[in-house]
Amino acid sequence: RAEDGHALWLRYAPLDEATAIAVNARLGPPELFGNSSPMTQAAQSELSRGFDAMLGQSGRGVILARAGQLPGGDSGLAEPLAGLPSGGYRIAQRHDGRVAVVANDDIGLLYGSFALLRHVASGANLDAIDVTSAPALPLRMLDHWDNPDGFVERGYAGRSIFNWWLLPDHLDPRLIDYARANASIGINAVVVNNVNASALMLTPRYIEKLARLADAWRPLGIRVWLSARFSAPRDLGGLSTADPLDPQVRRWWKDKADEIYRAIPDFGGFLVKANSEGQPGPQDYGRTHADGANMLAQALGGRGTVIWRAFVYASGSETDRVKLAYEEFKPLDGKFASNVILQVKNGPLDFQPREPFHPLFGAMPHTRLMLEAQITKEYLGFATHLAFLAPLWAEALGADTGHGEAGRALTVAQTLAQGGMAGVANTGSDRNWTGGHFDQANWYAFGRLAWNPDLSADEIAREWAAQTFSRDPAFTVPVAETMVGSRQAVVDYMTPLGLAHQMGTGHHYGPAPWVSDLSRPEWNPTYYNRADKSGIGFDRTVTGSDALAQYAPSVAVHWADAATMDEDYLLWFHHLQWDYQTQSGRTLWRELVARYDRGVAAVDAMAAQWADLASYVDARRHRDVADFLAIQKREAHWWRDASIAYFGAVCGCDLPPGTRTPA
Ligand code: GCW
C-alpha cells in the first residue's frame, strides 16, 4: 500500500489520462529477442508490473533486445552501446515508433527496464525518448551493519531485514522487494553483515543461508558479500593464531573460500574492518594491513575481491585523529594485490554533517579505491531529521583532489573508477524500510550517484519525489528545493562553520559540545571544538596539527588562509579568536550564532512548507513526515540553544542584540 511507504519509489502510481495515452502509443505486446534468462524474466516482470499499474491495463509492453539480436532494420540502435561497461543500455524508438531497450548484456536489459519505468513514473512521456547510460563505477554496494541476532548497529529503522533464523528454509518476500529496489538504482553488491563482524557468518550453517539469498538476488544482478572477522581461524578454526603469514592460517582461509564458492559460485568477496575500534587484524601479529589484505586476496584468488577499510585511528590520536588513516595507508600504496580495494570514508573523521574530502583520494594512484558513505544518518539526526544526503555526497565526489596530471582536475569520483561506492544501509524492518519516509530518498540517491556521480542533487530529488509522492511539479519543485537545502540546515544547527563531532557521545544524537571526560581523548567533543576563553576551532595548519599538508598543495592552499577560504570549513582548519572578523563582517562569535539561527529558521520553513503541501500526499505519509518535522524543529532549537549557551559561557560573550535567549 502506498500509504505505508513500503513500495518505496517503485509505487507506479496511475498516470494522468493524457500521459497514459501518449505512453501507450509507444508500447505494444512485450517482446524479447533471443533466449530468456532469469534476468530478462525479472526485467519483463517488472515492466509488466510497472506499466500495468501506471496505465491501468495489462498487456502493453516493451521490446527488449541484446545488441547482437536486433532485427536488421533496427541494428543501428545498438551503435552507441559499443565499448560501454557491463550494465549499460539504450532506450530508444524502433523504426515503427515503438520503444525498445537495447543492451550488450542481460544486466543492461534489466537496468534499462528500470530506467524506462523511472522515466515514465517521473511523469515524462516516451515520444522523443533516446537515452544511453552506463555505470561510471563498477561496484555499487550496500554495506549492512546488521548483526546475526537482528540488531542493526547505527540502525534507526527497526531490526535487521535478514531473518537468519528462518533462512535457508524460508525467504521473506521482502528480500525480493529489497533487491528490486536496489536493482532499480543499479546497486549490484550487498555485504549482509556488520563490519564489526561475527565469525558465525563464516560457519557452514550460515553459508547455506547466504546461498539462498544469493540465489534469490542473482536474477536482479546482486552479488552477496560478507564482512569477515580477521580472527576467524582462531574463533572457528581452532588455530592458535590468525597471523596472516602463518601457513596454517593461509590454508584455513583458502579452504573457507573454497567452501563458500562451492555454495555461491559468484560470491563477491570479503569486507574487512581490521585493527580499528577493537577489531582484530594483522597488526595484532606485527604485520601490516597489506599483509592481511593480500593473504585474504590470495585465498579468494581470481574469484573475488577483498575490500579493506581505511577507517583506523588506533594510536597517536592525541595529536589529530583525522591524520591517522593517511599516515597508515599512504605508505602502502602499490603494495596491495590487484583484487584488493581500499575503502575510504568520504571524509577523514567519521560521517559528519560536513567534512572536507578524505586526503587518501588521489594520493594512492596504485591502489583501487572505494568511497564509503553512510546512508544511515548516525550523526545527522538518525532517521528522524530530514537531511537529504545527495548534496553531501556530490560535494565529496565532485571535489578536485589536486592530484591530476598536468594541472588537470582529478575529482574524487574519478579516483573510484577501479572501485566504486559503498553506502552503509539505512534499511530495517519498519514498514517504510528506513524509519523516515524521506530517508528512502537517501537510499535512492546513493544508488543514483554511484551509477552517475555527475547527477545533480536537485535532479535526483525531483525524480525521487515524483515517483514516491506526486508527479505534479507544484509539488516536486518546492520539495526538491527543500531537500537540497536540508543538509546545510543540519550543518548549521549542529556543527556550523566547520565544527565537527559535537554530538552526544556514544549514541551521537543531540548536542554535547561540553563533554571532555571520555578516556579516549579523540572521542570528546571538546577535542574537536577546542573552545576556550580566547577562541574556537582546530588548528590543522602548519602552526597546528598540519593535517592540511596531507592534501595536494593546490588544494591545501584554498584552506590555508582563513581570510579567503570557504568558511564552511573555517573551524575545521583554523583556531580563531572570538572577535576574529569573518567574511560577513561579523565577529566569529556573532557569525556562529547567525549560522545556528539560520539552521533553525530553515527547519521552521521546512515544516511550514510541508504543511502547505498536504493536498499532494496521502494523509498517512503526510502526517508521518509532519510529525518528524515537528521533532526536528524542536531539536534544531535544542541544538542551537545548547550550543550557544555553552560556547557563550566559554568565551564570556553576550548574545547579539535581538537574538532569542536560549530557553
Ligand atoms: O561511525 C562509527 C560508528 C561505529 C562504526 C564505525 C565504523 C561499525 O560509530 O558504530 O562501527 O564508525 O565505521 O567502523
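The structure displayed is predicted, hence computed values, not measured ones.

**Student:** Quick rundown of the packing of aromatic side chains? Include the residues and the values.
**Tutor:** Counting across every chain of the model gives 40 aromatic pairs. Ring plane angle 35 degrees and centroid distance 5.9 Å describe the contact between tyrosine 178 and tryptophan 443, whose orientation is recorded as tilted. Of the two residues, tyrosine 178 is situated in helix α4 (residues 174–184) and tryptophan 443 in helix α12 (residues 440–451); the sequence distance between them amounts to 265 residues. Assigned by exposure class, tyrosine 178 and tryptophan 443 land together as buried. Here the aromatic rings of tryptophan 252 and tryptophan 253 are separated by 5.0 Å at their centres, their planes lie at 85 degrees, and the arrangement is edge-to-face. We note that tryptophan 252, like tryptophan 253, is buried. The side chain of lysine 209 reaches across the aromatic face of tyrosine 206, ending 5.2 Å from its centre.

**Student:** Residue-level account of the sheet that holds strand β1 (residues 31–33), with values.
**Tutor:** Across the sheet, five strands lie side by side as β1-β2-β4-β3-β5; this open sheet has mixed pairing. One side of each edge strand has no neighbouring strand; the edge strands of this open sheet are β1 and β5 (131–133). Sheet twist, expressed as the mean angle between neighbouring strand axes with direction ignored, is 15 degrees. Bridge analysis of strand β3 (residues 89–93) against strand β4 (residues 99–103) gives five bridges, and the strand direction is antiparallel. Looking at β4, one finds that tyrosine 89 is bridged to alanine 103.

**Student:** I'd like to hear about the site of the ligand, residue by residue, with values.
**Tutor:** With respect to spatial proximity, 14 residues lie near the ligand, and among them Glu153, Lys273, Arg309, Lys345 and Glu378 are the closest. One of the side-chain nitrogen or oxygen atoms of lysine 273 is found 2.6 Å away from an oxygen atom of the ligand. The contact in question runs from an oxygen atom of the ligand to an N or O atom on the side chain of arginine 309, over 2.6 Å. Within the complex, the protein chains bury 97% of what would otherwise be the 340 Å² of accessible surface of the ligand.

**Student:** Describe the sheet that holds strand β12 (residues 368–374), with residues and values.
**Tutor:** Pairing is parallel around the closed barrel formed by eight strands, whose spatial order is β6-β7-β8-β9-β10-β11-β12-β13. With strand direction ignored, the average angle separating the axes of adjacent strands in the sheet is 25 degrees.

**Student:** Talk me through the side chain of glutamine 343; I want residue IDs and the actual numbers.
**Tutor:** Secondary-structure assignment places glutamine 343 in strand β11 (residues 340–345). With relative accessibility at 1%, the residue glutamine 343 sits in the buried group. At 3.0 Å, the side chain of glutamine 343 forms a polar contact with the side chain of aspartate 143.

**Student:** Tell me what's going on with helix α16 (residues 553–560), and back it up with residues and numbers.
**Tutor:** Residues separated by three or four positions in an α-helix point in the same direction, a consequence of the helix having 3.6 residues per turn. Within the sequence span of α16, burial applies to Val555, Ala556 and Trp559. Buried residues of α16, seen end-on, are gathered within an arc of 95 degrees and therefore sit on one face of the element. Of the exposed residues in α16, the ones pointing more than 90 degrees away from its buried face are Pro553, Val557 and His558. On its buried face, α16 is in contact with α17 (570–573).

**Student:** Run through the pairing of strand β13 (residues 420–424), naming residues and quoting values.
**Tutor:** Of all five residues making up β13, five are buried, and the element is well covered by its neighbours. Of the two faces of β13, both are covered, the one formed by Gly420, Ala422 and Val424 as well as the one formed by Met421 and Gly423. The pairing of strand β6 (residues 139–143) with β13 spans five bridges and is parallel. Paired with leucine 139 across the strands is glycine 420, a residue of β13. The pairing of β12 with β13 spans five bridges and is parallel. Looking across to β13, one finds that glutamine 374 is bridged to valine 424.

Parameters at a glance
Here the residue numbers are simple positions, counted from 1 along each chain's written sequence. Note on the predicted model: pLDDT of at least 70 is required for a residue's local features to be given, and 80 or more for side-chain atom pairs to be given and counted; whole-chain, interface and lining totals, by contrast, use all residues. Hydrogens and water molecules were not included; the side-chain quantities draw on all heavy atoms of the structure. Pairing of aromatic side chains here covers Phe, Tyr and the six-membered ring of Trp, requires ring centres within 6.5 Å, and sorts the geometry by plane angle: under 30 degrees stacked, over 60 edge-to-face, intermediate tilted. In this description a helix means any DSSP run of H or I spanning at least four residues, a strand means any run of E spanning at least two, and both kinds are numbered starting from the N terminus. Categorising residues by exposure relies on relative accessible area from a 1.4 Å probe, with only protein chains included: less than 20% of the type maximum marks a residue as buried, more than 50% marks it as exposed, and the intermediate range marks it as partly exposed. Only lysine NZ and arginine CZ atoms are considered, and such an atom sits over a ring when it is within 6 Å of the ring centre and within 35 degrees of the ring normal. Following DSSP output, two strands are said to pair if at least two bridges run between them. Axis angles are defined between N-to-C directions and span 0 to 180 degrees, where every axis is a line fitted to C-alpha atoms and, for a helix, only to the segment in contact. For this purpose, a residue is taken to be near a molecule or strand whenever a single non-hydrogen atom of the residue falls within 4 Å of it. Whenever two N or O atoms come within 3.5 Å, that pair is a polar contact, provided that in protein one can donate a hydrogen and the other can accept it, and provided that, for residues adjacent in sequence, both atoms are side-chain atoms. The method behind every accessible area is Shrake-Rupley, applied with a 1.4 Å probe, and residues are considered shielded solely by the protein chains displayed. Arc definition: it is the arc formed by the directions from the helix axis to the C-beta atoms. Whether two residues are in contact is decided by their heavy atoms, any of which lying within 4.5 Å being enough.

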